[in-house]
Amino acid sequence: MRQYFPLCIFLALVVLIQLVTQITETAFYLTQLTMSAYYSLLIIGLCTIMGYAGQISLGHAGFFAIGGYLSAGLTTHNLQPFADTGITSLLDKAGLLVSSKDLYGDTLLTVHPWIACIVAISTAVIIALVLGGPVLKLKGHYLAMATLGFGIIIFRIAMATPYFGEADGLSGVPSFTLLPGITVSGDFGARIINYYIAWGTVLIGMLLLINLVNSRMGRALSALHGSEEAAQAMGVNTARAKLLTFVLSAAYAALAGVLLTHYNGSIGPGEAGVMKSVRYVAIVAIGGMAHLWGALIIGTLLNFMSMRGLFGSYDDAVFGIILILIMLFAPQGLLRLHIWKHIQKIKPKKHGTA
Amino acid sequence: MALLEVHNINKRFGGLHAVNDVSFSVSENTIKAVIGPNGAGKTTLFNLISRNIEANDGKVFFQNKPIHSLQPYEIAQRGISRTFQNIKLFHGMSALENVMVGCHPKSRAGFLAGILRLPSSLSEEKMIRERAYEFLDLLGIADLAHLEATSLAFGQQRAVEFARALASEPSLLLLDEPAAGLNIYETAKVAKLITKIQQRGITILLVEHDMSLVMDISDEIVVLSFGKKIAEDHPAAIQQNKEVIQIYLGEDDA
Amino acid sequence: MNPDLFFQYMLAGITYGFLYAIVAIGFNIIYNTTGIINFAQGEFVMLGGMFAITLNNILPLPLAIAAAVVITMLIGALLEILFIRWLDNPSVLRMIIITIGLSILIRELALHFWGETVFSLPYFTGNELSTVSILGAKVSPQVLWVIGVSIIMVTALSLFFKFTFTGQQMRACAANRLAARLCGINAKNMVTFSFMLSAGIGAVAGSVISPITYTQYDIGPGLAIKGFTVAILGGLGNSVAAVIAGLLLGLIESFSIIVIPLAFQEAVSISILLIILFVRPHGLFGRSDTASLKEF
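- Chain C carries the name Branched-chain amino acid ABC transporter permease in an unreviewed UniProt entry, which gives Candidatus Desulfobia pelagia as its organism.
- Quoted verbatim from the Sequence similarities (unreviewed entry) field of UniProt, the annotation for chain C is "Belongs to the binding-protein-dependent transport system permease family. LivHM subfamily."
- Taken directly from UniProt, the Subcellular location (unreviewed entry) text for chain C runs: "Cell membrane".

- Identification of chain A as Branched-chain amino acid ABC transporter permease from Candidatus Desulfobia pelagia is taken from an unreviewed UniProt entry.
- Recorded in UniProt for chain A, the comment headed Subcellular location (unreviewed entry) runs: "Cell membrane".

Structural data, given as structure tokens:
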């Protein structure tokens, strides 16, 4: 149970921050905090494949984009003109479509957000499965380039496909009612509930990953990171372990994409860009690679600061510099600098989390 | 009946015929050693059996079932465990965690069970931890359990690797130069340990340089030279074998 | 397709092919001495072009290019000395992240200095309208410049590696760094030199190609990934094969326009990269058993 203790602190902190913003009337911070939460969801997933299993992915923005774009496309494109075709009417009869009125009073027939969400995440999972098989056989530079290549392909597809709005992206994405009364939307009035939806999702995501890294499979992942040959000699099916983790992290990224797109009401090709993927990798590295809490904390802080515009037009440059400095001087991550080790030593600690 | 049978196994690296048509077998609950001068192909032979290297041709049977087309992890699951010549511990993990990974083949909790923390996986986790402690204890290094494995002294790392290999409760244990880099005193300890392992009913195949160790503990010895098997016999007979003496003396003289 | 159009596609393919080949050779030079893939390789091409363009305002073209190449080489050396030289046996992952960080930094600095404006050098001879007639087809003289300079560069490089002492030292480092050091070769200097050389040829390529493809602060990553594709196609470390592979990729890309919309052109070359990584990671011309000996 001791590994859940930080989760409780985390939950308390989430509530505390919300209360503070309410008292100080700075609730506008909640918007960026909510967005940070979704990015953090992707980042903790990436942390698992990169930090624990030791497989770099420079294509995770691609999975985010698959989630966001598919869910946006399905929930915004009007199927009314095709209402009479076989498939559409079949879908409609199955209750998978919703109709609404647009600004001009015309009927819009679109896919239900839940269905869109499931389709989007399943697609990301299937692509991760298909791609992961051959990609995860590669190592080092080859793996980095292959995942980078995958990211660029997704970016190019988003940029060149009219269905995905080309350079403009998609906007007017409707809100997403998860459960009655719980709706992901960017409405001003729904700010607080959305803050909690987002951080609740991160909390559950974190819980599952903490379970994973403390389990038999988590140990197998750390082992294959240490020495793939020795892990195999100990009976670990390393290919399978890597693939499942890759797929899991892709699902996290896609879910983050779906939810953030509904929250923002739009998605653009920038979300699929290479710089986004690099940024996520940077955050995992700064957090200390095999360190879920580090990734979460750093991810939230940096994304929040970035979205508040603290880095101005030097946004990418800041991430570049941080990336280099960390890799030069603290390759184990900020939270693993020696100062922290000494602090940790003071507290008696039984078993490490990794 | 032989536990492990190797039939006409071959491995070529470009022009080098590293293992040339080698056949031998290992009987149940014996200690068998593979010896030979440097570059004789001993470690290659080992890697062929554990499938870290793909053989050009040849067959390997374990418990009468072919294993020469399995993946390395499947070999481990069948009950063959190994150590490495240049110790391969998992860095960033404690000695205990290293040994816990060794329990992998004998435990079942999968990805989903781990993520969802199912009760079955929890009880199994407890069992794995206890068993890992047992094996550390067996090797007399239980007090090192929570230290980072790769930061230990060389001899201690060897011991952790031993414990890790034993933790999978193998029927056959492959030891790749278990005494390499150890002093005489430590080597004697390793010899005792290997005999102790054999007494637990585990068959052992080892590659070794140290002649005294091999002669002391082995039931049978295979001698390799330039990839070819030149002798296979009891230690006493090997010591009398002219060809073997020639190889070793010839090398020493040079 | 009419023969004239076919010829134009082919020329475009060859021009880009040489550019990719030069970037790939840049990868190879650094990879051979260090085992590092320098993700900032494309930025050298951009810097070469940008410096030449800026300096051309005050200097005549040949001098501007020469100065641009020298400056880029110095930057290459500086990057190595500041960010790589003193690292003690860094992991591959660490090197990947550092060179990615460098590429971002260079790009952002370039954005700061030159903005998002698209620049280009003037045509070396004539202008964009002038053509030379070869076998009845019209060819822009700049295309001949690109082809000519590339061929000279590749030849000079192979002569350099074969016959000069420094070149041989670099090859020794590539074959076995430890052994080279034991023979008294200063491996660290060779690494710095490989960064300079690789930056230099990138800058030359960046200048020569600038009149045709234009230069902008963000052309680096695209070039890097294509250069890497070519390096892999030819087999990492093999520079002669890189030229053949470069031409192959250039031609495939150029002719792919017939069947696939232009917007997907980059996706085509990356798909080729993925396929080659999955099927023949040791390259079209490499041998799998020797490739497996390399550390990836």
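**Some points on the overall build of chain A**
Move 1: When helices and strands are counted, chain A shows 14 helices and 6 strands.
Move 2: Projected onto its principal axes, the C-alpha coordinates of chain A cover approximately 65 × 50 × 40 Å.
Move 3: Split into buried and exposed, the 354 residues of chain A put 52% on the buried side.
Move 4: Taking all contacts inside chain A whose residues are at least 6 apart in sequence as the whole, residues at least 24 apart take part in 79%.

**A short note on the overall build of chain C**
Move 1: Looking only at helices and strands, chain C has 12 helices and 2 strands in total.
Move 2: Helices and strands in chain C line up, N terminus first, as α-α-α-α-β-β-α-α-α-α-α-α-α-α.
Move 3: For 296 residues, the compact-globule estimate of 2.2 N^0.38 gives 19 Å, and chain C sits close to it at 19 Å.
Move 4: The principal-axis extent of the C-alpha atoms belonging to chain C is close to 60 × 50 × 35 Å.
Move 5: Looking at chain C residue by residue over its 296 residues, the buried ones come to 48%.
Move 6: For chain C, the share of sequence-separated contacts (at least 6 apart) that also reach a separation of at least 24 residues comes to 75%.

**Focus on the interface of chain C and chain A**
When the parts come together, some accessible area is lost, and that loss is often what is quoted as the size of the interface.
Move 1: Each partner contributes residues to the interface: chain C has 30 residues there, and chain A has 33 residues.
Move 2: Mapped onto the side of chain C that touches chain A, the elements with two or more residues apiece are helix H4 (92–114), helix H9 (220–234) and helix H11 (265–279) of chain C.
Move 3: Here the element with the most residues in the side of chain C that touches chain A is H4(C); it accounts for 12 residues.

**Structural notes on the nonpolar core**
Move 1: The biggest cluster of nonpolar side chains holds 277 residues, and the ones touching the most others in it are Ala254(A), Ala256(A) and Val284(A).
Move 2: Tallying contributions element by element places helix H10 (residues 238–264) of chain A first for this core, with 16 residues.
Move 3: There are two domains that each give this core at least three residues, and those are domain 1 (1–78 + 201–254) and domain 2 (80–169) of chain B.
Move 4: Residues within four places of Ala254(A) in sequence aside, it is in contact with Phe63(A), Phe64(A), Ile66(A), Gly67(A), Ala120(A), Ile121(A) and Ala124(A).

**A closer look at the sheet that holds strand E1 (residues 2–13) of chain B**
Residues and elements named next belong to chain B.
Move 1: The 4 strands are arranged E2-E1-E4-E5 in an open sheet whose pairing can be described as antiparallel. What marks the edges here is a single partner per strand, and that holds for strand E2 (16–27) and strand E5 (65–66).
Move 2: In terms of strand pairing, E1 meets strand E4 (residues 57–62) through 5 bridges, oriented antiparallel. By the bridge assignment, Val 6 is partnered in E4 with Val 60.

**Examining the UniProt feature "transmembrane region" (unreviewed entry) in chain A**
Move 1: UniProt's feature table lists "transmembrane region" (unreviewed entry) at residues 38–54, 61–79, 111–131, 143–164, 193–213, 243–260, 280–305 and 317–335 of chain A, given in the numbering used throughout.
Move 2: Across residues 193–213 of chain A one finds 100% helix and 0% strand; the C-alpha atoms that close the span lie 30 Å apart.

**Focus on the interface of chain A and chain B**
Move 1: The partner chain B presents 33 residues to the 27 residues of chain A that form the contact.
Move 2: When contributions to the side of chain A that touches chain B are tallied by element, the ones reaching two or more residues are helix H7 (191–213), helix H8 (216–226), helix H9 (228–233) and H10 of chain A.
Move 3: Considering each element in turn, the side of chain A that touches chain B owes the most residues, 8 residues, to H8(A).

**Description of helix H11 (residues 274–287) of chain A**
Residue and element names in this part refer to chain A.
Move 1: If you check H11, its first and last C-alpha atoms are 20 Å apart, about what 14 residues at 1.5 Å a residue would give, namely 20 Å.
Move 2: Buried residues dominate H11, accounting for 13 of its 14 residues.
Move 3: Where H11 terminates, the next one or two residues include Gly 288, which has phi positive at roughly 105 degrees.

**Comments concerning the UniProt feature "transmembrane region" (unreviewed entry) in chain C**
All names here are of chain C.
Move 1: In the UniProt entry, the feature "transmembrane region" (unreviewed entry) is given for residues 6–29, 36–55, 61–83, 95–114, 143–161, 190–210, 230–251 and 258–279.
Move 2: Along residues 36–55 the backbone is 75% helical and 0% strand, and the end-to-end C-alpha distance reaches 32 Å.
Move 3: Along residues 95–114, the helical share is 100% and the strand share 0%, with 28 Å between the first and last C-alpha atoms.

**Points about the packing of helix H1 (residues 3–34) of chain C against H9(C)**
All names here are of chain C.
Move 1: In the contact formed by H1 and H9, the axes pass within 7 Å of each other and the chain directions differ by 75 degrees. Between H1 and H9, the crossing angle belongs to the class labelled roughly perpendicular. Note on element contacts: H9 touches H1 through Leu 223, Ala 224, Lys 226, Gly 227, Phe 228, Val 230, Ala 231 and Gly 234, opposite Tyr 20, Ala 21, Val 23, Ala 24, Gly 26, Phe 27 and Asn 28.

**Observations regarding the pairing of strand E10 (residues 228–233) of chain B**
Residue and element names in this part refer to chain B.
Move 1: Pairing analysis gives 5 bridges linking strand E9 (residues 220–225) to E10, with the strands arranged antiparallel. Each residue of the ladder has a partner; that of Leu 224, found in E10, is Lys 229.
Move 2: Taking the residues that link successive antiparallel strands as the turn, the E9-E10 hairpin has 2 residues, and the phi of Phe 226 there is positive, at about 50 degrees.

**So, the environment of His104(B)**
Move 1: Here His104(B) lies in the loop between helix H3 (95–102) and helix H4 (111–116).
Move 2: Taking the C-alpha atoms as reference, His104(B) lies 8.6 Å from Ile128(B); in sequence the two are 24 residues apart.
Move 3: Every residue in contact with His104(B), bar those within four places of it in the chain, is listed here: Ala220(A), Met234(A), Gly235(A), Val236(A) and Ser168(B).

**Overview of the confidence of the model for chain C**
Residues and elements named next belong to chain C.
Move 1: Chain-level statistics for chain C give a pLDDT mean of 87 and a share of 96% at 70 or above.
Move 2: Per-residue pLDDT, averaged within each element of chain C, yields its smallest value for helix H12 (residues 288–291) (50) and its largest for helix H2 (residues 41–55) (96).
Move 3: Long-range and interchain partners of residues 289–296, a stretch whose pLDDT sits below 50, account for 9 contacts in this model, where long-range means more than four residues apart.
Move 4: The ipTM assigned to the predicted complex is 0.90, against a pTM of 0.91.

**A look at the sheet that holds strand E8 (residues 203–207) of chain B**
Note: strands within a sheet are paired through backbone hydrogen bonds, in either parallel or antiparallel orientation.
Residues and elements named next belong to chain B.
Move 1: What the 6 strands build is an open sheet, ordered E6-E7-E8-E3-E9-E10; its pairing is mixed. For this open sheet the edge positions go to strand E6 (80–82) and E10, each flanked by a neighbour on one side alone. Sheet twist, expressed as the mean angle between neighbouring strand axes with direction ignored, is 15 degrees.
Move 2: Contacting strand E3 (31–35), strand E7 (172–176) and E8, helix H7 (residues 184–199) crosses the sheet at an angle of about 150 degrees to E8.

**A short note on H3(B)**
Move 1: With 8 of 8 residues buried, H3(B) lies mostly within the body of the structure.
Move 2: When we look at burial in H3(B), the residues that qualify are Ala95(B), Leu96(B), Glu97(B), Asn98(B), Val99(B), Met100(B), Val101(B) and Gly102(B).
Move 3: Those residues of H3(B) that are buried are in contact with H8 and H9 of chain A together with helix H5 (119–138) and helix H6 (154–167) of chain B.

**Brief notes about the environment of Ile209(C)**
All names here are of chain C.
Move 1: With respect to the helices and strands, Ile 209 occurs in helix H8 (residues 187–213).
Move 2: C-alpha separation for the pair Ile 209 and Pro 60, spaced 149 residues apart in sequence, amounts to 17 Å.
Move 3: Beyond its immediate sequence surroundings of up to four residues, Ile 209 is in contact with Leu 19 and Val 146.

**Regarding the pairing of E3(B)**
Residues and elements named next belong to chain B.
Move 1: By the criterion of burial, E3 is predominantly enclosed, with 5 of the 5 residues buried.
Move 2: Residues Ile 31, Ala 33 and Ile 35 line one face of E3 and the alternating positions Lys 32 and Val 34 line the opposite face, and both faces are buried.
Move 3: Bridging between E3 and E8 involves 4 bridges; their strand directions are parallel. Residue pairing across strands places Ala 33 opposite Leu 206, the latter belonging to E8.
Move 4: In this structure, E3 lies alongside E9, joined through 4 bridges in parallel fashion. Looking at the pairing, Lys 32 lines up with Glu 220 of E9.

Cut-offs and rules
Residues numbered from 1 in each chain as written. Chains lettered and ligands numbered in written order. Predicted model: local features only at pLDDT ≥ 70, side-chain atom pairs only at ≥ 80, totals over all residues. UniProt positions renumbered as here; feature names shortened; annotations may be inferred. Helix = DSSP H or I, 4+ residues; strand = E, 2+ residues; numbered from the N terminus. Buried ≥ 20, exposed ≤ 12 C-beta atoms within 10 Å, placed from the backbone. Contact = placed C-beta atoms within 7 Å. Rg over C-alpha atoms; globule rule 2.2 N^0.38 Å. Core = buried A, V, L, I, M, F, W, Y, C linked by C-beta atoms within 7 Å. Domains from an automatic or database assignment. Pairing = 2+ DSSP bridges. Expected span 1.5 Å × (residues − 1). Axes fitted to C-alpha atoms, helices over the stretch in contact; angles between N-to-C directions. Parallel < 35°, antiparallel > 145°, perpendicular 65-115°, else oblique. pLDDT = per-residue confidence, 0-100.

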